[in-house]
Amino acid sequence: AERSLEMGSGGNTYLLRALGSRDIKEGRAELAIERWELAYPVLTTSESLVVDDRNWDWLLYFAQNLVEAGELERAQPLLNGCLEEWERLKEESSMRRWAIDDVEPQIYASLGLKEETLEAMRRAIIDGNYRITPIWYGLPVFDFVRDEPEFQELMEIWHADLAIQRK
């Protein structure tokens, strides 16, 4: 994965987020942020990034790594911008299902909003019939809700639904 980034495939935001999370857990937050800045030079040249439909997803993932690294002040405006852009984009029919099922819980979790995170997860699993493996198990920004009874209840519902689908 690291070699892939060195070869210039910096657009792989999932890879950057995963490597960043690992590096941050292992005490190398500076390296994690440096990788993002190498992949997206605008992060080092722009004082105020404008979140829009072309960049909101990678800015969300970058902000998640910033949160993990303890750089909340730097992450906050990006997360607020992502939330505003998500609100706008979720009304588009092509984005709505994906936005509700995946992105909304990530944004609220990154902002550290427990009730909003759990409610967004509930909507995704119960109302949205979320059909793919939730990434909520692995993303560090969800660590603060994983021990909550409601999180466990939602995962049980999701697993039961998945078992029914597999029959």
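Structure: above.
These figures come from a predicted structure and were not determined experimentally.

Analysis parameters
- Residues numbered from 1 in each chain as written.
- Predicted model: local features only at pLDDT ≥ 70, side-chain atom pairs only at ≥ 80, totals over all residues.
- Heavy atoms only, no water.
- Helix = DSSP H or I, 4+ residues; strand = E, 2+ residues; numbered from the N terminus.
- Contact = heavy atoms within 4.5 Å.
- Areas by Shrake-Rupley, 256 points an atom, 1.4 Å probe, with all protein chains shown as cover.
- Salt bridge = Lys/Arg side-chain N within 4 Å of Asp/Glu carboxyl O.
- Buried < 20%, exposed > 50% of the residue type's maximum accessible area, 1.4 Å probe, protein only.
- Axes fitted to C-alpha atoms, helices over the stretch in contact; angles between N-to-C directions.
- Parallel < 35°, antiparallel > 145°, perpendicular 65-115°, else oblique.
- Nonpolar A, V, L, I, M, F, W, Y, C, P; charged D, E, K, R; others polar.

### Let's talk about the overall build of the chain
Line of reasoning, step 1. Counting its regular elements, the chain contains nine helices and zero strands.
Line of reasoning, step 2. Restricting the contact set of the chain to residue pairs at least 6 apart, pairs at least 24 apart contribute 58%.
Line of reasoning, step 3. Per element, the accessible surface of the chain, about 8900 Å² overall, is 51% carbon and sulfur.

### Some thoughts on the side chain of Arg17
Line of reasoning, step 1. Within the secondary structure layout, Arg17 lies in helix α2 (residues 13-25).
Line of reasoning, step 2. With residues near it in sequence (within four places) discarded, Arg17 still touches Trp36, Tyr61, Gln64, Asn65, Gln106, Ile135 and Leu139.

### Focus: the pattern of salt bridges
Line of reasoning, step 1. In the structure shown here, the tally under the stated rule is 13 salt bridges.
Line of reasoning, step 2. A salt bridge links Asp23 to Arg28; the shortest N-O distance between them is 2.6 Å.
Line of reasoning, step 3. The salt bridge involving Glu150 is made with Arg122; its shortest N-O contact spans 3.1 Å. Taken together, the residues Glu150 in helix α9 (residues 149-166) and Arg122 in helix α8 (residues 114-127) connect sequence positions 28 residues apart.
Line of reasoning, step 4. Judged by relative accessible area, which is 23%, Glu150 ranks as partly exposed.
Line of reasoning, step 5. For Arg122, a relative accessible area of 23% gives the class partly exposed.
Line of reasoning, step 6. Each of Arg22, Asp23, Glu26, Arg28 and Arg35 takes part in a single network of salt bridges with overlapping partners.

### A word on the environment of Phe142
Line of reasoning, step 1. Relative to the helices and strands, Phe142 resides in the loop between α8 and α9.
Line of reasoning, step 2. For Phe142, a relative accessible area of 0% gives the class buried.
Line of reasoning, step 3. For the pair formed by Phe142 and Ala109, sequence separation is 33 residues and the distance between their alpha carbons is 5.8 Å.
Line of reasoning, step 4. If we ignore the near neighbours within four places in the chain, the residues touching Phe142 are Pro105, Gln106, Ala109, Thr117, Met121 and Trp136.

### A short note on the packing of α2 against helix α5 (residues 56-68)
Each pair of packed helices can be summarised by the angle the axes make with each other and by the distance between the axes.
Line of reasoning, step 1. Contact pair α2 / α5: the axes reach a minimum separation of 9 Å and the direction vectors enclose 0°. Between α2 and α5, the angle is such that the two are roughly parallel. Between α2, through Thr13, Tyr14, Leu16, Arg17, Gly20, Ser21 and Ile24, and α5, the contact on the second element is made entirely by Trp58, Tyr61, Gln64, Asn65 and Glu68.
Line of reasoning, step 2. Of the residues assigned to the contact of α2 with α5, the class counts are five nonpolar, five polar and two charged.

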